[in-house]
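Read off the chains here:
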Amino acid sequence: MSQVWWCGFLLVLFDLLLGSALWCGLPLLQTSCCSGLTGVWLLSAVRGAALWFFLSSLSEGQTPPILRRLLLLSCLLPPVMESGRMLTYSLDEPYPGPSMNLSALLLSSVSSLLACALWETVLCGQQKQQSLDSRRLLTRMLKFFREDTCLLLAAVTSLILAVVCEALIPLYQGNVIDILRGDELHSTFHFVVGKLAVAVIGSAMFSGLRGGAFKLALARLNKRLKHLLFHSLLQQEVRFFEENKPGHLSSRLHSDVDRMGRTVALNANAMLRSSVKSCLMVALMFTLSVKLTVLTCIEAPLLALMQNKYYLISKELKEQMQECQAHARDATLQTLTGIQTVRSFNAEKGEIKRYSAALDQIHVIKRRMGINRAVFLLVRRLVSLLLNILMLVQASSLILSGQLTIGSLVSFLLYQKPLSRSLRELMFSFGDTMSTTGVISKVCGYLDRCPKWVKEGDLAPDQLEGRVLFQNVSFTYSAAAEDNLALKSVSFELKPGKMTALVGPSGSGKTSCVSLLTRMYDPQEGQILLDGEPLHHYQHKYLHQKVAVVSQNPTLFSASLLYNIMYGLNHSSTEIMKYTAKKIHADSILQQLEEEEDIERQGGDVGDCAGKLSDGQKQSIAIIRALVRDPKILILDEATSKLDVNAQHVVLKDIVSRGLTLLVVAHQLKTVEEADHIIFIEKGQVVEEGTHQQLMAKGGRYHRLKEELFN
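For every chain, the first residue of its written sequence is number 1, and the numbers climb from 1 along that sequence. In keeping with the model being predicted, local features are shown solely for residues with a pLDDT of at least 70 and side-chain atom pairs are shown and tallied solely at 80 or more, while totals for entire chains, interfaces and linings include all residues. Heavy atoms from the whole structure form the basis of all side-chain values; hydrogens and water molecules are not counted.

Q: Explain the overall build of the protein chain here, please?
A: Secondary structure elements follow DSSP: runs of H or I no shorter than four residues count as helices, runs of E no shorter than two count as strands, and numbering proceeds from the N terminus. The secondary structure content of the protein chain amounts to 27 helices and ten strands. Burial classes: relative accessible area under 20% of the type maximum marks a residue as buried, over 50% as exposed, and values in between as partly exposed (1.4 Å probe, protein chains only). Residue burial in the protein chain is summarised as follows: out of 711 residues, 43% are buried. Should any heavy atoms of two residues lie within 4.5 Å, those residues are considered in contact. A sequence separation of at least 24 residues applies to 77% of the contacts in the protein chain between residues at least 6 apart. Carbon and sulfur atoms provide 61% of the accessible area of the protein chain, an area that totals close to 37,700 Å². The Shrake-Rupley method, run with a 1.4 Å probe, gives the accessible areas here. Residue values count only the displayed protein chains as cover.

Rendered as structure tokens:
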């Protein structure tokens, strides 16, 4: 970086020497080929070419962007200033020609160097990469509107027509005032009033069409984005949902998508409207008074500098606000979801304290945002007030000299406030859009995220035997903790038509085996074969139709029994559900199914998290839900622990009679004793396996822990 500034310093020195020589030859240049302002522009072109050659040789062809900007600014500043100086002269005061003062050249070079230094170090020194990322994100965001191209074209057309009509209203109002100030009513009075009425009606009509079209496009965009994001989230691996809390994901899906769509769409609307409106109003203001317009336009760059600094701070504060609000939502969700745990441990005060701490963080950030905004508004209004006073002083002198009429001044004043408002709206919309790039980045990050698991295959055979083989399977839940393996080279076989019991102390790896068999995770080493094929070769839908799991605490949704039993199925017969409930002696479930037989009515729901059902009823529903899918492999993870002894016996007898590949994770002695094969797993390794009689006769770990584990 120091080399760049050293090259810039040498460039300024060379510019001063070259500019002095060319400036001294300007009178000769003006008399020979050009005159006045044309000579200044030609001089700047020659100066720019020479500086570019010097800069290329100095940097060996690798010219840094900051030096190119310095060169361009240094060369353009004198002719642009001279052009502005010429515009301030009226017809009564002819333009005297360019000044020959060499101090102007020195001021131009030094000002250019200081401006580039200020821009690079203060305004955008650390924002270059962020600006590139912001432009990339905003460009991608606008691509989401591609399906609404026709709607947006209609909205833009209506916007332009509305702005044109709105910009003509002050001009026609000034014309009406000038006509009314005359001694006699002018013959064109009614014509001017008619044009004013047409402009007012057109502005109102096209503004309504523009607003409606943009609102409709925004609604369609939000629908598409939420659908895409929800679809992307559902494709992620289970580990992703363990690393990202549900509250954060829900916030991204709803509030962040709404905000990014609303911000980009409405701000794009506002920026386009303000840009067109500002250009039209400035053009019309130039026709009324050049001097007043130049004085008015000084306000824009000053406000732009303040606005840029203000929104850099606001962007950081808004990102902090998003994180704090997500934490507050997550804390609320956890507390309300686990209200029974909170109540049983008498932790209400602790939860209130935790939520209050989250609210305090939000309050602190809001206070900082309020102070930042108050200071910005104060400085902005002081600058606007000072410039308005200067403009009024200049307007009084123009009226006294006859260069400006009262009607023109009224029109100019009517343009000034909307122009200032449009410029502020333009800068606000731009800053607000840039401050939303953090939200857009997070949402797009979820949209672009590729699931970190092996993609599903296309295998879906008509006949499936149901033979499962674990071959040297090693697995860990955290990639960062590879030494802490949940399973270590585990190998065993599940045979069709046989009941296999997986037993062992808590934390031994039983649940890990179940999770791998259902492809919630993929093993780091080894493989799991189903009928000789790895699990990931099968279609996802097919695999989970053939492999069913009934857990100890099944998840049920706040809906009817029919909905919970048919969950994930395209169709199923009510008679099959009733028959299955009857076979496992789930009398209460059978009765409710008969009440819900009218599919149109769908019965009453089971409550939030099935709160209206007992634990035994929940397990009965989960068993019925698994059996109606006619699976080839059934996993019972303590699935009958909440049923009474007789019900457990009936359920297992019915399941065994179906000839399934049955894997039972159980802590109850009676269930394990009835298994055809028992696998004892401890510390992630298979320690013993065999029948109950074989393991008892062996006198190993199964025998020694029998009393502790099963009685």
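Q: Explanation requested: the packing of helix α7 (residues 149-180) against helix α8 (residues 189-234) in the structure shown.
A: Helix-helix packing: each pair is described by the crossing angle between the helix axes and the interaxial distance. Axis geometry follows a simple rule: fit a line to the C-alpha atoms, using only the stretch in contact for helices, then measure angles between N-to-C directions, giving values from 0 to 180 degrees. Packing of α7 against α8 leaves a shortest axis separation of 7 Å and a crossing angle of 155 degrees. Classified by the angle their axes make, α7 and α8 are roughly antiparallel. Pair α7 / α8 crosses with left-handed handedness. Residues were grouped as follows: Ala, Val, Leu, Ile, Met, Phe, Trp, Tyr, Cys and Pro as nonpolar; Asp, Glu, Lys and Arg as charged; and all remaining residues, including Gly, as polar. Of the residues that constitute the contact of α7 with α8, the class distribution is 24 nonpolar, six polar and four charged. We call two directions roughly parallel when the angle between them is under 35 degrees, roughly antiparallel when it is over 145, roughly perpendicular when it lies between 65 and 115, and oblique otherwise. Note on convention: near helix rotated counterclockwise from far helix by under a right angle means a left-handed crossing. Clockwise means right-handed.

Q: Hey, could you run me through the packing of aromatic side chains in this one?
A: Both the distance between ring centres and the angle between the ring planes are used here to describe each pair of aromatic rings. Only Phe, Tyr and Trp rings are paired, with Trp represented by its six-membered ring, and only when their centres lie within 6.5 Å; those with planes under 30 degrees apart are stacked, over 60 edge-to-face, the remainder tilted. Within the structure shown, the criterion is met by seven aromatic pairs. Centre to centre, the rings of Phe 470 and Phe 492 are 4.4 Å apart; their planes meet at 20 degrees, and the pair counts as stacked. You can see Phe 470 sitting in strand β1 (residues 468-475) and its partner Phe 492 sitting in strand β2 (residues 487-494), a full 22 residues away along the chain. Between the aromatic rings of Phe 475 and Tyr 521, the centroid separation amounts to 5.4 Å while the plane-to-plane angle is 50 degrees, which identifies the pairing as tilted. Residue Phe 475 is located in strand β1, and its partner Tyr 521 is located in the loop between α17 (510-517) and β4 (525-530); the two are separated by 46 residues in the primary sequence. You'll find Phe 475 and Tyr 521 in the same group, each marked buried.

Q: I would appreciate a short explanation of helix α20 (residues 574-583) in the present structure.
A: Of all the positions in α20, only Thr 574, Met 577, Lys 578, Thr 580 and Ala 581 are classed as buried. Buried residues of α20, viewed axially, fall in a sector of 160 degrees; they line one side. The directions considered for the arc are those from the helix axis to the C-beta atoms.

Q: Sorry if this is basic, but what is going on with the sheet that holds strand β5 (residues 533-534) here?
A: Strand pairing in a sheet is mediated by backbone hydrogen bonds. Such pairs are either parallel or antiparallel. The antiparallel open sheet is built from four strands, whose spatial order is β2-β1-β4-β5. The sheet terminates laterally at β2 and β5, the two strands that pair on one side only. Strand pairing is defined by DSSP finding a minimum of two bridges between the two strands. Inspection of the sheet shows β1 paired to β4 by five bridges, in the antiparallel sense. Across the sheet, Val 468 pairs through a bridge with Leu 530, a residue of β4. Here α17 sits on the sheet in contact with β1, β2 and β4, set at roughly 115 degrees to β1.

Q: How do you make sense of the pairing of strand β9 (residues 677-682) when you look at a structure like this?
A: For a regular strand, side-chain orientation follows a simple rule: the groups alternate between the two sheet faces. Taken across its six residues, β9 has five buried, putting it largely inside the fold. Judged from the four bridges that link them, strand β3 (residues 499-503) and β9 form a sheet pairing that is parallel. Each bridged residue has a counterpart across the sheet, and for Ala 501 the counterpart in β9 is Ile 678. Judged from the five bridges that link them, β9 and strand β10 (residues 685-690) form a sheet pairing that is antiparallel. Bridge pairing links Ile 678 to Gly 690 in β10. Counting the residues that bridge the hairpin from β9 to β10 gives two residues, and of these Lys 683 lies at a positive phi of roughly 55 degrees.

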